[in-house]
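Observations on the model geometry
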Amino acid sequence: MIKKEKKQAVIKEYQLSDTDTGSCAVQIAILTARINELTEHLKANKNDNHSRRGLIQMVSNRKSLLKYYEKKDLEACRELKKKLGIR
């Protein structure tokens, strides 16, 4: 789990307006931060299969959000992918 301060920083960086906490860009950025932290955890704990399943679910959820965001706004999605380092 990411800490509250880190999550708030991610939201501030990717929000579109002052009250935006749930847009596609923000959700994708939060998922990416959680995925990165969980990946580091799994490097140290190779046999943690329950967390691995959670990681796979998060990656799948992010993939679905990215697919929707591409349909909605292709250019913004490409910029977001570049900024987050997602292929």
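It should be noted that the structure appears before, not after, this text.
Read on for an overview of the structure. (Residues numbered from 1 in each chain as written. Predicted model: local features only at pLDDT ≥ 70, side-chain atom pairs only at ≥ 80, totals over all residues. Heavy atoms only, no water.)

Describing the environment of Ile2
Using the following cut-off: Here a strand is any run of E in DSSP of at least two residues, a helix any run of H or I of at least four, and the numbering for each starts at the N terminus. Any pair of residues with heavy atoms lying within 4.5 Å of one another is described as a contacting pair.
Relative to the helices and strands, Ile2 is located in the segment before α1 (4–14). It is 9.1 Å that separates the C-alpha atoms of Ile2 and Leu38, two residues lying 36 residues apart in sequence. Sequence-distant contacts of Ile2, defined by excluding residues within four places in its chain, comprise Lys7, Ile30, Ala33, Arg34 and Glu37.

Quick notes on the nonpolar core
The nonpolar side chains of a soluble globular protein tend to be buried, and buried together. Formally: The criterion is simple. A nonpolar core is a set of buried Ala, Val, Leu, Ile, Met, Phe, Trp, Tyr and Cys residues joined through side-chain atoms within 4.5 Å. Type-normalised accessible area, obtained with a 1.4 Å probe on protein chains alone, sets the label of each residue: buried when under 20%, exposed when over 50%, and partly exposed for intermediate values.
Judged by nonpolar contacts, the single largest core of 24 residues is most densely connected at Val10, Tyr14, Ile28, Ile30, Tyr69, Leu80 and Leu84. Of all the secondary structure elements, the ones that give two or more residues to this core are α1, α2 (24–44), α3 (49–72) and α4 (74–84). Among residues more than four places away in sequence, those in contact with Val10 are Ala29, Ile30 and Ala33.

A few points about α4
The test is simple: What the arc measures is the spread of directions leading from the helix axis to the C-beta atoms.
Those residues of α4 not exposed but buried are Cys77, Leu80, Lys81 and Leu84. The buried residues of α4 all sit within an arc of 100° when viewed along its axis, so they share a single face. Residues of α4 that are exposed and angled more than 90 degrees away from the buried face: Arg78, Glu79, Lys82 and Lys83. Tucked inside the fold, the buried residues of α4 contact α1, α2 and α3. Of the residues one or two after α4, Gly85 is the one with positive phi, at around 80°.

A short note on the pattern of salt bridges
Pairing between side chains of opposite charge can happen when their charged atoms approach one another. Cut-off, in case you're wondering: We count a salt bridge whenever a side-chain nitrogen from Lys or Arg sits within 4 Å of a carboxyl oxygen from Asp or Glu.
All told, the structure shown has four salt bridges when counted by the stated rule. With its nearest N and O atoms 3.2 Å apart, the salt bridge here joins Lys6 to Glu37. Taken together, the residues Lys6 in helix α1 and Glu37 in helix α2 connect sequence positions 31 residues apart. Of the residues examined, Glu37 reaches a relative accessible area of 28% and is grouped as partly exposed. Arg78 serves as the salt-bridge partner of Glu75, at 3.6 Å between the closest nitrogen and oxygen. With a gap of three residues between them, Glu75 and Arg78 both fall in helix α4, about one helical turn apart.

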